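# Examining the three-dimensional arrangement
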Amino acid sequence: MKPFLIIIFIFISLSIFSQSAMVTGVVKDKMSNQPIAFANILVVDTTLGTTTDLNGNFSIFGLQPGYQRLQISFVGYKTQTTQEIFISNNNNPFIEIELETDEETLNEVVIANDPFRKNAESIVSMQSIGTKEIENNPGSNRDISRVIQSFPGVGSTPNYRNDIIIRGGGPSENRFFLEGVEIPVLNHFSTQGASGGPVGIINADFIKKVDFYASAFPATKYNALSGVLDFKLKEGSRDETNYQFTLGASETAFTIDGPIGKNTSYIVSVRRSYLQFLFEAIGLPFLPTYNDYQLKLKTDIDKKNTFTLISIGSLDHLKLNANIENPDESQAYILSKIPVNNQRSYTIGGVFKHYANSGLHTFVLSRNRLYNQLYKYPDNDQSKAKTLDYLSTEVENKFRYELNFIKSAIKYSFSTNLEYANYTNQTAQQVFLNNNLINFNNYTNIDVFKYGFSGQVSKRSHNNRFLMSVGIRFDGNNFNDNTKNLLKQTAPRLSVSYKLTENTTINAGLGRYFQQAAYTTKGYKDQTNVLINANSVKYIGLNQYNLGFEKKYNKKALWSVEGFYKAYFQYPVDVINGVSLANQGASYDVSGASNVNFNGKGKAYGFEILNRLNLKTFNWLASYTYVRSFFTDINNHFVPSSWDSKHLLTFTGSKTLKKNWTAGFKWRFVGGLPYTPYDLEISAKVLAWNANGQAYFDYNQLNKQRFKAFHQLDIRIDKNYFYNKWTLMLYIDIQNAYNFKNTGQDYIIREQNQDNTYKTINNGSDYVLKAVANQSGTILPTIGVIIKF
C-alpha cells in the first residue's frame, strides 16, 4: 500500500502546472515564399496575439494548453484561420502559414475570415478535416479512413474494414497524396487493385489537416473517379527535440521530431501491432501482425527554394492460428476461407519548390512499391499441394511538375506528369469453371509508361461574389491503342460559385474524369497463359454533375445541401460471371484479376445534407446522404451495386469540459447493402470446394437480396494532463456501446463425421453443406495512452 500511495502523491504533485504553453511559426506569401512582416496573429476566442517580425517569424507565449486556432491577417491578403493546433507546456509546435494575396482588395485588410473556406479550384464537394477532429473522433482510433465516415457521401461496411466508398463508387476509385506525393497504399493488408484494408497506414501524429474531395478535385489530381484525400503534414519542431509514445487500441508507436541545424526539421515514427498476441489469447483463427514507418524532412535551402522528403512504408504478415483444437463453426469457416498473406509496401518521394517571379514551380519525384503474397493449402494441410500460390509486385516511378501563379487577379495552375510502372505476377491456382477443375500457372511481367497534362484557371469577380474555375486534363499510357491517345482521355471540368448574400452561396460543378484500369486487370492471364485483356483495356470514365446550396452562420456554423449525379462509362465487366468490377474491392483477396470487357456503364445519384459547428468547446457534425448506385451486368442491365446503401446518417459531437476533459460520441446508420446468394449446388461439389475453400455465389441472382440496416454508437472520453516537462493524454473509446448485432450472409461450412472427416454424398462427389448464422457485433472498449516529452 505504501508504494501505491507514494505513486499517487507524485502523480498529484506533478499535476500542478502553469499556463506556459507557446507556439512559434512563420508567415509567408504562398506564391513567392517571401516572409510577411508585421502580419497580425490572433489566438481565436482569446485576447492573445502578436505581430510577425521582419523575417515573418512570430512567437506567442502564455497560452492555455490544448487545441488552439490562429487567425492571421495582413493588408492585401486573405485572412486565414488555421486548423486546430495542439499546444502543451513542453512541446512548442512550429507552424508555417502561407497567405494568399487578394488583388481586388490590395488597399485594405481582408477580414472575411472563414474556417470553412474552400480552394478556388475546388468549389464544391470538398471538406477540410483538422487534427482535433481526427484525434478525438469516437470509434475511429485515430484512423483517417474511419474519420471520414462522419462526412456526407461516405459509406461504410459493417465488417470493420477501411474501405472508402464515396457517393456509390467502389473502393478502387480513390487516390491519396502526402504533401503532394501519391501513396497507392493507405491500409495494412491492403486489397490489391483497390484501397481498403482493416487498419490505416498513416500515423495520426503526422497529420496537420486533410482536404477531402468527394468530386470536382483539381485538374492536378488525376487517376481518380470518386475521391481524393490530400494530406498536409505537421512540421518538425525548429527549437528542440520532442518525443511521443503511444499505446493504442491495436499498436504501439514512437514518434520523434526536432531540428537539424537552423533551416531543417524532421518528424519520424514507427509503429508495431500487438493484435497477434491478443487474437491468439482469445482463440481467434487468424493472427495479423503489422508494422509501419513514416518520415518527413523539410529544409529551407534559401528564401527561394525548399525541399521536402516524404516516406512511408509497411510490413504485414497474416497467418492462421494452427493451435486451435476442435474449432467451432465460425472458426472453421474462417480457417477454410482465409489465405496466408505477406505484404510489404513503401513510398519515398522528394518535393522541390522554387519560388520565382514567374510563379511557384513544384517538382515531385517519387517511387512506390507493393509486394503481395497470398497462398492457401487445402484444409490448411501443408502436406498437400497449394490451391493458391500468388506473388505480385507493383512498382511505380513518378515525376510531376506544377506551375502556379496569379496574374491580373486570375489564378493559373498547370502540370505535367510522367510515370514508368512495372507489374509482375506469378500465379498458380486451381479454379473450378464450367464444371471443370482448371489449373492456372502463369507469369506476367509488363511495363507501362504513363503521361498527362493539365491546366486550370480560377477567377473571382463582382466584388468576390462570383468564382469560376475551368480546368482540363489529358492522360494516356502506352499499354495499347485504346490508351495511347491523350485526346481519348480529355477531361474538362467547370465549377462556379455565387454569393447570394455574405453568408449564402450557391455552388455548381460538372466534369469528366478518367482512371486507368488496375494492374491486376491489365496483367491478367488466362489458363492458356495469354494476356487476355491486352487489346480491350480502356480508361474508366465518369461524368459527374453537382449542384449545392450553402449557408454559414457567424463563421462557425455551416448548413449545406448538395445533389450529385455520376454517369460511368467503359467500366470493366467480368465476362465469366457477368459482374461489373465496380462491385469488387472490399474483401481480403485481389481485386480486378479477371477476363473483362470495357462495355460496362454505371450511375449513382442522390443528395447530401451537412450541418457543421466549430466552436471553442464544442464540435458537431451531422450528415445525411441519400444515394443510389447501379452498374450494368454482362447483358447491359443495370443492377444495384454492392454499395447501394440508400441511406447514410451520421451524428458526431465532442464537448471540451473543464480540467482538460473531452467527451464525444458518434452514431451512424448505414442502410442495408445488397448481396448475392450462394449457388449451393456448385459449392457442394468436392472439386469446386477444394479449389476455393468456400461457397460460390449465384451470379444469376446478382445483388437480388439485401441485408438489414446497420447502426452503431461509439463513445470516447479523453483526459489530458499537462506537466512542465511532459504531457499525458488518456482516452477510453467504446465502440458499439449498445451492443448492436449485425446479421451478415450465412457462413457455409462442410458437415463432419465423428472422426472429423467430411461427409459426402453421390458416391463421394459432393460434400454435405451446412449454413451457420453469421451474427457479429460486440461492445468493444479500448484504452489509449499518449505520452509527450
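Residues numbered from 1 in each chain as written. Predicted model: local features only at pLDDT ≥ 70, side-chain atom pairs only at ≥ 80, totals over all residues. Heavy atoms only, no water.

## Concerning the overall build of the chain
Going by this rule: The helix and strand labels rest on DSSP assignments: H or I over at least four residues marks a helix, E over at least two residues marks a strand, and numbering proceeds from the N terminus. We compute the radius of gyration from the C-alpha atoms alone; for a globule the expected value is 2.2 Å times N to the 0.38, where N is the number of residues. With a 1.4 Å probe rolled over the protein chains alone, any residue whose accessible area is under 20% of its type maximum counts as buried; one over 50% counts as exposed, and the rest are partly exposed. Whether two residues are in contact is decided by their heavy atoms: any pair within 4.5 Å suffices. In short, Shrake-Rupley with a 1.4 Å probe defines the accessible areas, and a residue's cover is counted only from the protein chains shown. Charge assignment in this entry is limited to Lys and Arg as positive and Asp and Glu as negative, and neither His nor the chain termini are counted. Working definition for charges: the position is that of NZ of Lys, CZ of Arg, CG of Asp or CD of Glu.
Regarding its fold elements, the chain presents nine helices and 47 strands. Radius of gyration (C-alpha) of the chain: 27 Å, near the 28 Å computed for a compact globule of 789 residues. If one aligns the C-alpha atoms of the chain with their principal axes, the spans along those axes are about 90 × 80 × 45 Å. Counting across all 789 residues of the chain, residues that qualify as buried make up 57%. The contacts in the chain between residues at least 6 apart in sequence include a share of 66% that link residues at least 24 apart. Accessible surface for the chain amounts to roughly 32000 Å². Of this, 58% is attributable to carbon and sulfur atoms. The centroid of the 80 positive side-chain charges in the chain is displaced by 4 Å from the centroid of its 65 negative side-chain charges.

## Details of the environment of Ala 684
Secondary-structure assignment places Ala 684 in helix α8 (residues 680–684). Of the residues examined, Ala 684 reaches a relative accessible area of 11% and is grouped as buried. It is 9.7 Å that separates the C-alpha atoms of Ala 684 and Ile 749, two residues lying 65 residues apart in sequence. Residues in contact with Ala 684, not counting those within four places in the same chain, are Ser 765, Asp 766, Tyr 767 and Leu 769.

## Things to note about the sheet that holds strand β7 (residues 80–81)
Heads up, the condition is: For two strands to be treated as a pair, DSSP must find at least two bridges joining them.
Pairing within the open sheet is antiparallel, and its four strands lie in the order β3-β2-β6-β7. Each edge of the sheet is formed by a strand with only one pairing partner; in this case those strands are β3 (49–51) and β7. With two bridges connecting them, strand β6 (residues 70–73) and β7 associate as antiparallel partners. If you follow Ile 72 over to β7, its bridge partner there is Gln 80.

## What about the sheet that holds strand β10 (residues 126–130)?
Taking strand neighbours across the sheet as the criterion, the five strands line up as β10-β17-β18-β13-β14 in an open arrangement whose pairing is mixed. This sheet does not close on itself; its edge strands, each paired only once, are β10 and β14 (181–182). Relative to strand β17 (residues 207–213), β10 runs antiparallel, the two sharing five bridges. Looking at the pairing, Gln 127 lines up with Phe 212 of β17.

## Let's talk about the layout of surface pockets
Short version of the rule: Buriedness for pockets is judged along seven lines, at least five of which must meet protein on both sides within 12 Å for an open set on the 1 Å grid over protein atoms alone, while cavities are sets there where a 1.4 Å probe fits but cannot get out, and lining residues have an atom within 4 Å of a point. Grid points are joined across faces, edges and corners, and a volume is the space filled by probe spheres set on the points. Side-chain classes follow a simple rule in which Ala, Val, Leu, Ile, Met, Phe, Trp, Tyr, Cys and Pro form the nonpolar group, Asp, Glu, Lys and Arg form the charged group, and the remainder, Gly included, forms the polar group.
Its boundaries defined by the atoms lining it, the second largest pocket holds a volume of some 910 Å³. Residue lining of the second largest pocket: 35 residues in total, with Pro 327, Leu 335, Ser 336, Asp 379 and Asn 380 positioned closest to the centre. Only β23 (305–320), α5 (329–337), β25 (359–376) and β43 (742–750) provide two or more residues apiece to the lining of the second largest pocket. Considering each element in turn, the lining of the second largest pocket owes the most residues, five residues, to α5. Of the residues in the lining of the second largest pocket, the class split is 15 nonpolar, 11 polar and nine charged.

## Notes on empty space enclosed by the protein
In total, this model carries 14 cavities of 30 Å³ or more according to the counting rule given. Size it by volume and the second largest cavity reaches roughly 640 Å³. Lining the second largest cavity we find 43 residues, and of these Arg 175, Gly 193, Asn 223, Gln 516 and Ala 518 sit closest to its centre. Tallied by class, residues from the lining of the second largest cavity come to 18 nonpolar, 16 polar and nine charged.

## Here we look at unusual backbone geometry
A positive phi angle, near 60°, is found at Asn 463, a position not held by glycine. Relative to the assigned elements, Asn 463 resides in the loop between β28 (436–461) and β29 (466–477). A positive phi angle, near 55°, is found at Asn 736, a position not held by glycine. With respect to the secondary-structure elements, Asn 736 resides in the loop between β42 (727–735) and β43. What makes Asn 736 buried here is its relative accessible area of 2%.

## Quick notes on a nonpolar patch on the surface
Stated precisely, the cut-off is as follows: Each patch groups residues whose relative accessible area exceeds 30% and which form no salt bridge, using 9 Å between like charges and 5 Å between nonpolar side chains of Val, Leu, Ile, Met, Phe, Trp and Tyr. The term salt bridge refers to a side-chain nitrogen of Lys or Arg lying within 4 Å of a carboxyl oxygen of Asp or Glu.
The grouping of Tyr 243, Phe 245, Leu 247, Phe 254, Val 270, Tyr 293 and Phe 789 at the surface amounts to a nonpolar patch, some 560 Å² of accessible area in total. Residue contributions to the nonpolar patch peak at three residues, all from strand β19 (residues 242–247). The class for Phe 245 is partly exposed, based on a relative accessible area of 34%.

## A word on the nonpolar core
Definition in use: Here the nonpolar core consists of buried residues drawn from Ala, Val, Leu, Ile, Met, Phe, Trp, Tyr and Cys, with membership extended through side-chain atoms lying within 4.5 Å.
Grouped together as the largest cluster of nonpolar side chains are 33 residues, with contacts concentrated most on Ile 202 and Phe 231. Discounting chain neighbours no more than four positions away, the residues touching Ile 202 are Leu 178, Ile 183, Leu 186, Ile 207, Phe 231, Arg 271, Gln 294 and Ile 312.

## As for the pairing of strand β35 (residues 618–632)
The buried fraction of β35 is high, at 11 of 15 residues. When strand β34 (residues 596–614) meets β35, the two strands line up antiparallel, connected through 13 bridges. Looking across to β35, one finds that Asn 614 is bridged to Asn 619. Counting the residues in the hairpin turn of β34 and β35 gives three residues. Two strands pair when backbone bridges link them, and β35 and strand β36 (residues 638–640) are joined in this way by three bridges, in the antiparallel orientation. Bridging across to β36, Thr 632 finds its partner in Phe 638. The loop that links β35 with its antiparallel partner β36 comprises five residues; one of these, Asn 636, has a positive phi angle of about 65°.

## Looking at the packing of aromatic side chains
Which entries qualify depends on this criterion: Any two of the Phe, Tyr and Trp rings considered here, Trp counted by its six-membered ring, make a pair once their centres fall within 6.5 Å; the pair's planes then place it as stacked at under 30 degrees, edge-to-face at over 60, or tilted in between. Two limits define a charge over a ring: the Lys NZ or Arg CZ must be within 6 Å of the ring centre, and within 35 degrees of the ring normal.
The final tally for this structure, using the stated rule, is 35 aromatic pairs. Where Phe 279 meets Phe 286, the ring centres are 5.6 Å apart and the plane angle is 90°; that geometry is what we call edge-to-face. Judged by relative accessible area, Phe 279 falls into the buried class, the value being 16%. In this structure an aromatic cluster arises from ring pairing among Trp 620, Phe 651, Phe 665, Trp 667 and Phe 669. Positioned above the aromatic ring of Tyr 375, the side-chain terminus of Lys 386 is 4.6 Å from the ring centre. Above the plane of the ring of Tyr 731 lies Arg 716, whose end atom (NZ or CZ) is 3.8 Å from the centre.

## Quick notes on the side chain of Gln 244
Our working rule: Think of a polar contact as two N or O atoms within 3.5 Å of one another; within protein, one of them needs to be a possible hydrogen donor and the other a possible acceptor, and neighboring residues in sequence only count if both atoms come from side chains.
By the element assignment, Gln 244 lies in strand β19. A polar atom in the side chain of Gln 244 sits 3.3 Å from the side chain of Thr 246. Gln 244 has contacts with Arg 142, Asp 205, Ala 253, Phe 254, Thr 255, Ile 786, Ile 787 and Lys 788, leaving out every residue within four places of it along the chain.

## So, the confidence of the model for the chain
The predicted coordinates should not be examined in detail at positions where pLDDT is low. Threshold: Each residue carries a pLDDT score, the predictor's own confidence in it, on a scale running from 0 to 100.
The share of residues in the chain with pLDDT of 70 or more is 95%, and the mean pLDDT across the chain is 90. Per-element confidence in the chain ranges from a low mean pLDDT of 39 for helix α1 (residues 2–14) to a high of 97 for β36. Confidence over residues 1–18 falls short of pLDDT 50; this stretch has 15 contacts with residues more than four positions distant or in other chains. Here residues 104–113 scores under 50 on pLDDT; set against residues more than four positions off or in separate chains, the count is 27 contacts.

## Points about the pairing of strand β33 (residues 557–574)
Judged from the 13 bridges that link them, strand β32 (residues 540–553) and β33 form a sheet pairing that is antiparallel. By the bridge assignment for β33, Asn 543 is matched with Ala 567. As judged from the 16 bridges shared by β33 and β34, these two strands associate in the antiparallel manner. Of the residues in β34, the one forming a bridge with Tyr 565 is Tyr 605.

## A look at the environment of Thr 652
Take Thr 652: it is sitting in strand β37 (residues 646–656). For Thr 652, a relative accessible area of 10% puts it in the buried group. Not counting the four nearest positions on each side in its chain, Thr 652 is found in contact with Asn 137, Pro 138, Ser 150, Asn 619, Trp 620, Leu 621, Phe 665 and Lys 666. A polar contact is formed between the side chain of Thr 652 and the side chain of Ser 150, at a distance of 3.1 Å.

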